Structure formats: C-alpha cells, structure tokens
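A closer look at the structure
The primary structure of each chain is shown beneath.
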Amino acid sequence: MKTWLLKFKISNHLNDRRPLPPELARAVGHHAGVRSFAESSSALADALKSQVPRPETPVLLHTSIMRAVRTARSASDPKIQPAWTNWIPVSGLVTLILLGVILALQFSSPPAAKLRPAGSLPLAAAGSALDLGGNLMREAPAVVLSPLSEEMQRLDRHLSDTGQFLLATLP
C-alpha cells in the first residue's frame, strides 16, 4: 500500500514537472520497485516530450472549408419583405374578433327588467331560501358520503375474504 502511495506521489510530481522533494527521493532510494518505477516514468515522460507528433493537414481541407464558408454566407442573405405583409394576418384576426363582438351585441336581447308587484313579500322569499339552505346542509353529508361508505364496506368484505382464503390455503 505504501509503494502505491509513493508511486502516485512520484507520478504527480513528474506530471507537474517538479523535482522530487527530499523525502520522496529517500523513499525512492530505499525501495527498488519504486526506484525502477520512477526511472521508467521519467524515461517515458522524456521520450514522449521529445517526440511530439506534428500531424499534417491536407491541402484540400482549407479549400473545402473556405468553400463551405462562402456558400453559407451567400445562402444566409435574407430577402427583404415589405412590412405590411406581416400585418395582413393580424388585421384579419382583429377584424374577425370585432365582427363577432358586434354580432353578439346586436343579436342578444336586452335583459327585461322584472318589476315585482306591490303585493309580493320579498322577506318570505328570503326566508324560504334560508330554509332550503338549512335542509341542504343537513342532507348533504349523507348524500356525499354514502358512496364512500359503500366502497369502504366492499373493501372490508374483500379483505376479510382474502384473509379467509389465505388461511384456508395454509397447510
């Protein structure tokens, strides 16, 4: 484990192109495996640095790139359109909306004002509305919760049937 750590520290110093500190140099001197690793790593690094490959670019590459740039530049020239052509769809839509509003107002009948005769009792109508609301509040929970309670009863019945089935199938 110590040799792996030493090799890691040596490779980090070689990657950063720094000289080995004295404690690592002493560790390299004591371990033969670490010494051979340090020597082979430095030899490999020197060999790779001295032989930097220079890839050759093909001559036709430049011409093909320049041809593609010129065609892209000429193809991207925008054609100028008159500004009024953009307003045609918008003005048509606004005209249709205005026409719909005018027709809706024209054909809708004005609300007829309903006048009550002098002998009607508005308080009696309000009292009956309050009674109806009270009855609704008393009956609503039973009406709303009855499907839920029926479903809960079915679920309970299914669970008990499942329990009986499982108990019957056990040896």
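Relevant structure appears above.
Residues numbered from 1 in each chain as written. Predicted model: local features only at pLDDT ≥ 70, side-chain atom pairs only at ≥ 80, totals over all residues. Heavy atoms only, no water.

1. Considerations on the overall build of the protein
The helix and strand inventory of the protein stands at six helices and zero strands. Counting helices and strands in the order they occur from the N terminus, the protein gives α-α-α-α-α-α. Of the roughly 15600 Å² of accessible surface on the protein, 68% is carried by carbon and sulfur atoms. (Helix = DSSP H or I, 4+ residues; strand = E, 2+ residues; numbered from the N terminus. Areas by Shrake-Rupley, 256 points an atom, 1.4 Å probe, with all protein chains shown as cover.)

2. A closer look at the pattern of salt bridges
For side chains bearing opposite charge, pairing can occur when the charged atoms are close. This structure, assessed with the given rule, holds two salt bridges. A salt bridge links Arg154 to Glu151; the nearest nitrogen and oxygen atoms lie 3.0 Å apart. One end of the pair, Arg154, and the other, Glu151, are both in helix H6 (residues 122-169), three residues apart, so they sit about a helical turn from each other. (Salt bridge = Lys/Arg side-chain N within 4 Å of Asp/Glu carboxyl O.)

3. Remarks on a nonpolar patch on the surface
Taken together, the side chains of Val143, Val144, Leu145, Leu148, Met152, Leu155 and Leu159 make up a nonpolar region of the molecular surface, amounting to roughly 710 Å² of accessible area. Residue position: Leu159 is located in helix H6. (Patch = residues over 30% accessible without salt bridge, like charges linked within 9 Å, V, L, I, M, F, W, Y side chains within 5 Å.)

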